[in-house]
Amino acid sequence: NEIQDINHEYNFMKDPYLLYVGSRKKYKNFKILLDVFLQSKKLFKDFKIICFGNEKINNQTEKDFFIKKKLLFVHGNDSLLKKLYLQSSGLINTSEDEGFGLPLLEAMALGCNVFAPNLDVFKEIFSDKIFYYEKNNIESFKFTLENYLYKTELLNQMQVNAKKFSNKFNWQNTADETFKTYT
C-alpha cells in the first residue's frame, strides 16, 4: 500500500484481464490456464491474460495466444505491478505446489480477487477469502472462473473481506509471532 501509484494509463489495461504473476515454469502449471481459455469461449471472448515478470514466451501455445492478443507479457517496477493488481479482474495462481503465496497476499491487500488451486497451504493461510478450484482439474478451474468472474456483488464482497483479512499479515505481527515462537 505504500508503493506509489502511477497515473499513466496503458492501452493493454483497457480491456478486462486476468493477472498472472511470476514464473510459468512446468511446476507452476500455467498451461492449465491456457487450456481453460481454449475450452471456454466465454472467458476467451471476455478476458485476456497479462503475465507480469521477466519470462518470455515458453512454447507454441503461449505464442498462439500472444498472436491473438489474448496473452500479454509485461515487466516493470512495483508501481506498475500495483496498478495491474488494482485494475485486474483477478489474480490467477495455477501452481501445483506452493510455499506461502506472496502474490496472493499482495493481491488481497489491494482488493484484487484471487483464484487458486485448493492447496492445503492456501486453505490454511487464506481460508475462505479466495476462490478455489480443484488442483489440476480443468473443468473445476473453468467452472470457478465462469461462475464467479461475472458475479459483481460476490466479487465486491470477497474483495472487502480479503482486504480486511490481509491486514493481519504485517511486519509487526510477524515479529510478535516470531518472538513468541522463540521465547
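Preceding block: the structure.
Residues numbered from 1 in each chain as written. Predicted model: local features only at pLDDT ≥ 70, side-chain atom pairs only at ≥ 80, totals over all residues. Heavy atoms only, no water.

Draft legend 1. Quick peek at a nonpolar patch on the surface. On the surface, I57, F66 and I67 cluster together into a nonpolar patch covering about 280 Å² of accessible area. With respect to the secondary-structure elements, I67 resides in helix α3 (residues 60-67). (Patch = residues over 30% accessible without salt bridge, like charges linked within 9 Å, V, L, I, M, F, W, Y side chains within 5 Å. Areas by Shrake-Rupley, 256 points an atom, 1.4 Å probe, with all protein chains shown as cover. Salt bridge = Lys/Arg side-chain N within 4 Å of Asp/Glu carboxyl O. Helix = DSSP H or I, 4+ residues; strand = E, 2+ residues; numbered from the N terminus.)

Draft legend 2. Region of the structure containing the pattern of salt bridges. Inspection of every chain in the model, using the stated rule, returns six salt bridges. In this structure, R24 and E62 form a salt bridge, with 3.1 Å as the shortest nitrogen-oxygen distance. Remark: E62 occurs in helix α3 and R24 occurs in the loop between β1 (17-21) and α1 (31-39); sequence separation between them is 38 residues. Judged by relative accessible area, R24 falls into the buried class, the value being 6%. A salt bridge links K45 to D46; the shortest N-O distance between them is 2.8 Å. (Buried < 20%, exposed > 50% of the residue type's maximum accessible area, 1.4 Å probe, protein only.)

Draft legend 3. Region of the structure containing the packing of α1 against α3. The geometry of α1 relative to α3 is characterised by a closest axis approach of 11 Å and an angle of 50 degrees between their N-to-C directions. Considering the angle they form, α1 stands oblique to α3. Crossing handedness for the pair α1 and α3: left-handed. Residues L34, F37 and L38 of α1 form the contact with α3, whose own contacting residues are T61, E62 and F65. (Axes fitted to C-alpha atoms, helices over the stretch in contact; angles between N-to-C directions. Parallel < 35°, antiparallel > 145°, perpendicular 65-115°, else oblique. Left-handed = near helix turned anticlockwise from the far one by under 90°. Contact = heavy atoms within 4.5 Å.)

Draft legend 4. Representation of the side chain of S140. Tracing the chain through its elements places S140 in helix α7 (residues 138-148). Setting aside chain neighbours within four positions, we find S140 in contact with Y133 and E134.

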